[in-house]
Protein chains: 2
Amino acid sequence: MTTVRVTESAAAQRIRQAAIASFAESGYAGTSTRQIAAGLGMSAAAMYPHFRSKEELLYSIALEGHRSVNEAIAAADDASASHTERLTAVVAAFAGWQARHQQLAKVVQYEMRALTPSHFRTIAALRRKTTEMIATIVAGGVEAGEFAADDPDDVVLAISSLCVDVCRWFPTRTHRDPATVGQMYARMALRMVLAT
Amino acid sequence: MTTVRVTESAAAQRIRQAAIASFAESGYAGTSTRQIAAGLGMSAAAMYPHFRSKEELLYSIALEGHRSVNEAIAAADDASASHTERLTAVVAAFAGWQARHQQLAKVVQYEMRALTPSHFRTIAALRRKTTEMIATIVAGGVEAGEFAADDPDDVVLAISSLCVDVCRWFPTRTHRDPATVGQMYARMALRMVLAT
DNA sequence: CGTGCACCTAAGCACTCGCTCAGTTATAAG
DNA sequence: CTTATAACTGAGCGAGTGCTTAGGTGCACG
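Heads up: these notes are all about the structure in this document. Since the model is a prediction, treat every value here as computed from it, not as a measurement.

Basis of the calculations
Along each chain, residue indices are assigned from 1 in the same order as the chain's sequence is written. By the order in which they are written, chains take letters starting at A while ligands take numbers starting at 1. Selection of residues for local features in this predicted model requires a pLDDT of at least 70, selection of side-chain atom pairs for listing and counting requires 80 or more, and totals for whole chains, interfaces and linings are taken over all residues. Residue pairs are scored as contacts if the distance between their C-beta atoms, which are placed from the backbone, is within 7 Å. In this description a helix means any DSSP run of H or I spanning at least four residues, a strand means any run of E spanning at least two, and both kinds are numbered starting from the N terminus. Classification used: nonpolar for Ala, Val, Leu, Ile, Met, Phe, Trp, Tyr, Cys and Pro, charged for Asp, Glu, Lys and Arg, polar for all others including Gly. Least-squares fitting of one copy onto the other uses the C-alpha atoms of those residues that reach a pLDDT of at least 70 in both copies. Any residue whose C-beta atom, as set from the backbone, lies within 6 Å of a molecule or strand is reported as near that molecule or strand. Note on geometry: axes are C-alpha line fits, over the in-contact stretch for helices, and angles between N-to-C directions span 0 to 180 degrees. Each angle gets one of four labels, with under 35 degrees taken as roughly parallel, over 145 as roughly antiparallel, 65 to 115 as roughly perpendicular, and the rest as oblique. By definition, turning the near helix anticlockwise from the far helix through less than a right angle yields a left-handed crossing, and turning it clockwise yields a right-handed one.

What follows deals with the interface of chain B and chain A. Across the boundary between the two partners, chain B contributes 19 residues, which contact 19 residues of chain A. Looking at the side of chain B that touches chain A, the elements that each hand over two or more residues are α7 (152-169) and α8 (178-194) of chain B. By residue class, the composition of the side of chain B that touches chain A is eleven nonpolar, four polar and four charged.

This part is about the relation of the copies chain B and chain A. Each copy of the sequence occupies a distinct position, and chain B is placed on chain A by a rotation of 180° and an axial shift of 0.0 Å, giving an RMSD of 0.1 Å. Taken together, the turn and the small shift mark the pair as related by a two-fold rotation axis. Most of the interface of chain B is mirrored in chain A, where 100% of its interface residues are also at the interface.

With that settled, consider the protein's contact with DNA strand C. For DNA strand C, the set of nearby residues contains 16 residues, the closest of which are S43, A45 and A46 of chain A together with S32 and S53 of chain B. Of all elements in the fold, only α2 (33-38) and α3 (54-76) of chain B reach the threshold of two or more residues within the surface near DNA strand C. Taken together, the residues of the surface near DNA strand C sort by class into eight nonpolar, five polar and three charged.

What follows covers the packing of helix α3 (residues 54-76) of chain A against helix α6 (residues 117-143) of chain A. All names here are of chain A. Where α3 meets α6, the axes come as close as 10 Å, and the angle between the chain directions of the two elements is 15°. In terms of orientation, α3 and α6 fall into the roughly parallel class. The interaxial crossing formed by α3 with α6 has left-handed handedness. Contacts from Y59, A62, H66, V69, N70 and I73 in α3 reach H119, I123, L126, R127, K129, T130 and M133 in α6.

See below:
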């Protein structure tokens, strides 16, 4: 099993940042270790003191990304607020994160198939938590009569799907601000949950 | 010599079908020509009489996919119907297609970066037409007062994004029928366009 | 100063990549 | 039969892959 170092060296973070940019642009399989290193003016062998393999580099990116998005959502959620306010805040945080960290999000959404089965399972568990946070709020709102949707599971799927897909198209000429995208998506989520 | 070939050879279609499956599972860069051939019991060299390169094979898949989805949408659209009915039919067709052709859709949505710039431009033009069909219906519905949304561009983006993302998660345990997914997405589209 | 150490590079290994090519096989027409 | 044509194979080329290794370099600390 892998032991996670408490403090990561600055070099490791630079390598990971360069890998995120390359993986987002060309995909994991389409990026060579030499390409990542070239972007940093280093030799390809320079990453191996910091990451045991290319796959572990991807896994490290996946862990950071999923932890980051879950933290962003948890931080935006105020359990004492109304369900409408909670859904608004959480969806805005989720969609906003996908826009703000577009490259990281792309890697996290589209490159996970390159992980080992063991690593993939760990990541899949983290991802399930994200959807569950939205599902909890929607279910609570429906139960309280604050939301009208008679298909809460479908709405949760649609909202999650919408937010995740932001990283695919962001930015466009008319949508360049992550916070604005977040608000727009919160609006869409409310419409889906308030209508029948 | 007197017979003009109107259809592609059966071998070419078999190769393309195997490539779609492989590209969908492992990505374009993550799939070798030898893997594609192995799935057909052929040698890797067997594809070159039919496709000039691996990239042309991808381009052929992209052309077929985009033509197919545009045809499916156009066939579902009845210009004499109400805007509500048109949006319902078109969104159901779009989302349904993504589910029904999940592997092809995945390739078409996520592997286009591997195309040459020239091929990519051709494909991008086809894709724009898809969004425009939805945009036309939404704009018409708003103008006619049939839809209430005061942010039609945002709604069109959200609806397109929703439909495209179907190929990423489909199928799930609870959503296995493409037609049902289409209906569910049509419902979501209507909610987004009817509320303010 | 010298020692240890973290970090790095150049070289290279074993392997796979997309693709080519000479030659074989199957089919159909003359 | 011969001939033409297309599809296909096995071998293999040059380039690139992830990764290893031996050795060098600069820096903190005694």
